[in-house]
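# Structural description and commentary
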Amino acid sequence: MFIYLSKKIAIPNSIRLKCVSWNKNQGFIACGGDEGLLKVLKLETQTDDAKLKGLAAPSNLSMNQTLEGHSGAVQVVTWNEQYQKLTTSDQNGLIIVWMLYKGSWYEEMINNRNKSVVRSMSWNADGEKICIVYEDGAVIVGSVDGNRIWGKELKGIQLAHVAWSPDSKILLFGMANGEIHIYDNQGNFIMKMTLHCLMNVTGPLSIAGIHWYAGAEGYIEPDCPCLAICYDNGRCQVMRYESDDNPVVIETGVNVASIQWNHCGSVLAIAGSLRSATGDKDLNVLNFYTPFGEHLRTLKVPGKQITAVSWEGGGLRIGLAVDSFIYFANIRPDYKWGYCSNTVVYAYTRPERMEYSVVFWDTKNNEKFVKYVKSLMSVTTCGDFCILATKADDSHPQEDADPEAGAATYVLVLCNSIGTPLDSKYIDIDPLFVTMTKTHVITASKEAFYAWQYRVAKKLTALEINQVAKTRKEGRERVYHIDDSPSGTTNGALDFAKAFTATRDPICCITASDRTLIVGRESGTLQKYSLPNITLLQKYSLAYRAYQLSLNCNSSRLAIIDMTGVLTFFDIEPRGSSGDVEGGASTGDPSKFERKDVWDMKWANDNPDLFAMMEKTRMYVFRNLDPEEPIQTSGFICNFEDLEIKSVLLDEIMKDPERPNKDYLMNFEIRSLRDSRALIEKVGIEDASQFIEDNPHPRLWRLLAEAALQNLQLKTAEQAFVRCKDYQGIEFVKRLGNLQSEAMKQAEVAAYFSRFEEAERMYLDMDRRDLAISLRIKLGDWFRVLQLLRTGSGDSDDALQEQAYNAIGDYFADRQKWLNAVQYYLQGRNQERLAECYYMLEDYEGLERLANSLPENHKLLPDIGQMFVTVGMCEQAVSAYLRCSQPKAAVDACVHLNQWNKAVELAKNHNMKEIGPLLSKYASHLLEKNKTLEAVELYRKAHHFLDAAKLMFKIADEEAKKRTRPLRVKKLYVLAALLVENYHTQVKNSQQSKAKGKKSEATSALAGLLEEDASTSDSRIVDKAWRGAEAYHFFLLAQRQLYDGNVEASMNTALHLRDYEDIIPAVEIYSLLAICSSANRAFGTCSRAFIKLESLDSLSPEQRQMYEDLALEIFTKHSPKDSRKSHLDSTDDSTEGKLPTCIVTGRSISDYQFWMCSVCKHCAHEQDITSHNFCPLCHSSLT
């Protein structure tokens, strides 16, 4: 960062100031001093020039109000920013709360304890509570509306300071003797703070300041120190939290008066005074430190005594109370930023994220890409690439580091201009200084530097990049200690061990060009190395310590900015001998050159004597060390080439980093460019060309060439194009020379300068519509081509018109506006793209129409067929394939979509042999994967009903073995039986179609049955298809009847089950029969069931014993006789043929008239079936 004093405001009557506080949100500055002085000021930028933004804009006092109310010296001023209130107190203990009303400040509340004086007041982070501490140990916590929340007297303690924690749960009280006590927010003592910075300090001391940054803008690093405590003797400690045992300790060596964090907790300002060397007077200084205790800057401040310091809300200015003046200093922060190929890269923190947000803002297309990076240390850019230096994340140790070396702690990530990582290297040295050239990245710690010759993978795949990273190629990466003298012959091995040897004279800055590396050391020594082979060429010594180095484009001159902002130059190559680019141009003497307060500088990329620098809020351009008139701006310089400077207002961008605005990018033309332009416009091309001859630069020659073209002075234009090496320009001039008509030349020139409307108008005026059209075609503006075509007459343009329609269709299709595209493709008769659009629109009718309109064997038909297949439209796909005579593709489509019946039919019609094997192959594939149901479905679709039925029976049998859900098993058996019925129908139909009316129906049915007989080995499946379904139907029915209390019916049904022992285990059948019959008090049947149960072989002896015991228990109470004869038992053996059983009730049917199901051919009593809508067995609907 860099800081310089920018403004000074005097307080009237030379009243000494005691305190100052800058409101972060609204920008009011309150200052208090002796004799009751209290003022509120506001600096506002008033500027009509839109370009002047930020610090460069002049600022005036828009408010300067004296607040009357205090009589004694005002000692404490503090803002409540959330509620726009100012709280002040004086030496008499009077507290006043002020509020803003209609642009002025008025007293809102007053409080006076009259006992003691207020030493400190602090609002908490959300502005809801204030804590006030008095010298006599009284503490009051009040709310924003003036109510007292609690108060407490701390006996025998003199209080001096108070601070809230960011979460408002903790209060820190600073005592007059320097101790700090930690209390909770209700005033209960927790502990004393350990003060590491006061180890072995003796004598009286007092606290100069306590400031706890509340994290409003996020933290620069996870777990960043944020609580600063400083003593008047210059000792300071920065802690992560109130009981941190390992704080950062700073020895400032200053008599401290006041401290404050900046708006984002990244810089701590400590103001105080130094005893001068002679000891006669004190020197006021303002020191800046990072949260980790690194000293950033020191600003010397004039005046006798500095009393207070306060930052502006944006962290770009700081206010100091010195004697009876307020000094303002401008800060130029160290933004983490860079510029590569039209892209500004910048990083910022957000309160809700732990990482840095790194934004790659492409200024050309105004697009931005955000990348989140943990512990980012710096951003460095060169050419089209960018290096992000970060601390290694503990959670992802890198793969390519040596296990012995311990984990590398830092990472260098090479990114392109949209933030895509291209390569990364893990290193052990702290990358405090990073510089990059087109081929190398060089990073240095205090003791050593590391060089990495990076390769940009033009065509490397991710895999190869990993391979490259693994092999760590010899010589691509090298480490050197600063005290070594490499000769360039030995390859510096990648040995980080030597990098940690301490040095007396640490590195403080580095820079590199394509062939030279310069390393600056704190003593003022500069070491010059050659690149790429790294040889120590020379050492120079300066009288001061460099802070920033920069080499010009031919590495002959070095610019040095030191710690205090003084810019000087140093020639590292003797001038003139290297054959100057400009001949004998005077180069100025660098030893006499010096500028103060410089905070940024950039050499021109194309001229070794041209550079731009930022001094306070002005930009100067120097040619041969002579300045041009300055430009007011506070931007950071991105790039300087072609006599134009691009600069970016980072201060403005950082106010709202998520929405960068093109207005924050400035382009400045330097004087020679402005002068040449003015000469060409006002005086004429001859004089201008003479001026450019004297001050040659390719950019000026191009300017001249373009001006000469405008005036059709082709000779001058050609010479100028030659001087700026523009081959296309030379060719263009030649082509112009061959044109006869003047108007034609002018039109061509207009087109060359992108004034296309004008060029087109000229062509049309010359009645050369063809040229206007060809111009528009070159530009790809097909809409205009179409307009031009329509205005003309003649039929020769049909082909062009079609081309235009198709190009416009392409335009819409590229933007996925398919509907618009369809209209143009229809007019352009572009069937291929039409098919694609219909497909994208899911307009399958349109696609079908298109397919039908195409001639047979058109090359588009197979593609359309494929489109239909992908969306499952089998019929349309088949018709498309058949029209381009690809029956095999049609069959494949059917197979793919599981339309096997269609596939079989097609195969038969086209005499294709492979469908049968294909089917069985697919079925066996499904069965292998245990997808039996899919196989059944497959067979069913292909009308192989018998195979399907076999599989279905197999599934049902397996399910039955599980003995879990009888209803499900019944359904499976019904399905199997229905498939068999389908098989019967199929055989019958095939016979009928063979007979074709030659014989009667009866004979054909008979023939069908005979064929069926002949063909089936599986007669069990065919003949007794319904047995499984019947068994489970009655099994379920008996239980249902039993539970409904219909015991007799349930026993009758259970008696039927005796025929189905091959399907349901006998144990279950007879157990059910025993229960039903005992419930029906038919103990004879029950006894027979028990006899059967006891004789079963499938039972273990223990189970058999249990049945016997149960039988004994029942039949000792009841004699084994049926109370009434079951009709089933009587008919069972007497009749020859069995009577059909009613599937509704389970009774036998002896009537002559009964109902029969048309599907499963089972019967029921007519009166029983009337209450049903579906057949109880096969569930087909009763129509």
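Residues numbered from 1 in each chain as written. Predicted model: local features only at pLDDT ≥ 70, side-chain atom pairs only at ≥ 80, totals over all residues. Heavy atoms only, no water.

## Some thoughts on the overall build of the protein chain
- Along the protein chain, the regular secondary structure elements total 32 helices and 57 strands.
- When the 1183 residues of the protein chain are sorted by exposure, 51% land in the buried category.
- Look at the contacts in the protein chain between residues 6 or more apart in sequence, and 47% of them connect residues 24 or more apart.
- Counting every atom, the protein chain has about 56,800 Å² of accessible surface; 49% of that belongs to carbon and sulfur. (Helix = DSSP H or I, 4+ residues; strand = E, 2+ residues; numbered from the N terminus. Buried < 20%, exposed > 50% of the residue type's maximum accessible area, 1.4 Å probe, protein only. Contact = heavy atoms within 4.5 Å. Areas by Shrake-Rupley, 256 points an atom, 1.4 Å probe, with all protein chains shown as cover.)

## With respect to a nonpolar patch on the surface
- Taken together, Phe189, Ile190 and Met191 make up a surface patch of nonpolar side chains, about 260 Å² in accessible area.
- Positionally, Met191 belongs in strand β17 (residues 189–192). (Patch = residues over 30% accessible without salt bridge, like charges linked within 9 Å, V, L, I, M, F, W, Y side chains within 5 Å. Salt bridge = Lys/Arg side-chain N within 4 Å of Asp/Glu carboxyl O.)

## Thoughts on the sheet that holds strand β43 (residues 525–530)
- Strand order in the open sheet made by the four strands is β41-β42-β43-β44, with antiparallel pairing throughout. Both outer strands of the open sheet, β41 (507–512) and β44 (536–541), are each paired with one neighbouring strand and no more. Averaged over neighbouring strand pairs, the angle between their axes works out to 20° when direction is ignored.
- Summarising the sheet, β43 and β44 pair through five bridges and their orientation is antiparallel. Bridged to Leu526 within β44 is Tyr540. (Pairing = 2+ DSSP bridges. Axes fitted to C-alpha atoms, helices over the stretch in contact; angles between N-to-C directions.)

## Details of the side chain of Lys42
- Counting through the fold element by element, Lys42 comes out in strand β4 (residues 38–45).
- Owing to a relative accessible area of 18%, Lys42 belongs among the buried residues under this scheme.
- For Lys42, the side chain forms a polar contact with the main-chain oxygen of Gln26, separated by 3.1 Å.
- The contacts of Lys42, once residues within four sequence positions are left out, are Gln26, Gly27, Phe28, Asn60, Leu61, Ser62 and Met63. (Polar contact = N/O pair within 3.5 Å; in protein donor to acceptor, adjacent residues only side chain to side chain.)

## Topic: unusual backbone geometry
- For the bond running from Leu531 to Pro532, omega is 0°, close enough to zero to count as cis.
- Topologically, Pro532 is positioned in the loop between β43 and β44.
- Even without a glycine there, the phi angle at Asn342 is positive, about 65°.
- Tracing the backbone shows Asn342 in the loop between β29 (337–340) and β30 (343–349).
- Even without being a glycine, Ser754 presents a positive backbone phi close to 65°.
- You can see Ser754 is positioned in the loop between α8 (742–752) and α9 (756–765).
- For Ser754, a relative accessible area of 48% puts it in the partly exposed group.

## A word on the UniProt feature "repeat: WD" (unreviewed entry) in the protein chain
- The UniProt feature table records "repeat: WD" (unreviewed entry) at residues 67–98.
- Helix and strand shares over residues 67–98 are 0% and 56% respectively, and the end C-alpha atoms of the span are 9 Å apart. (UniProt positions renumbered as here; feature names shortened; annotations may be inferred.)

## Considering the nonpolar core
- Ranked by size, the top nonpolar core spans 75 residues in total, and within it Tyr973, Trp1026, Tyr1032, Leu1057, Ile1064, Phe1090 and Cys1175 carry the most contacts.
- With residues up to four places along the chain from it excluded, the contact list for Tyr1032 reads Ala960, Arg963, Pro966, Val969, Lys970, Tyr973, Ile1063 and Ile1064. (Core = buried A, V, L, I, M, F, W, Y, C linked by side-chain atoms within 4.5 Å.)

## Observations regarding the sheet that holds strand β18 (residues 207–212)
- Read from one edge to the other, the open sheet built from four strands follows the order β18-β19-β20-β21, with strand pairing classed as antiparallel. A strand with exactly one partner marks an edge of an open sheet, and here the two such strands are β18 and β21 (248–251). On average, each strand axis in the sheet is tilted by 10° relative to the strand beside it, whichever way the strands run.
- Here β18 pairs with strand β19 (residues 227–231) via five bridges, running antiparallel. If you follow Gly209 over to β19, its bridge partner there is Cys230.

## Re the pattern of salt bridges
- One pass over the full model with this rule turns up 41 salt bridges.
- The salt bridge partner of Lys616 is Asp597, with a shortest N-O separation of 3.5 Å. Taken together, the positions of Lys616 in the loop between β49 (610–615) and β50 (618–623) and Asp597 in the loop between β47 (567–571) and β48 (598–603) put the pair 19 residues apart, joining distant regions of the chain.
- A relative accessible area of 27% places Lys616 in the partly exposed class.
- A residue is classified by how much of its surface remains accessible, and Asp597, at 21% relative accessible area, is partly exposed.
- We note a salt bridge from Glu760 to Arg776, for which the minimum N-O separation is 2.5 Å. Pair noted here: Glu760 is in helix α9 and Arg776 is in helix α10 (residues 769–779), with a separation of 16 residues, a long-range link. Considered together, Glu760 and Arg776 belong to a single accessibility category, that of buried residues.

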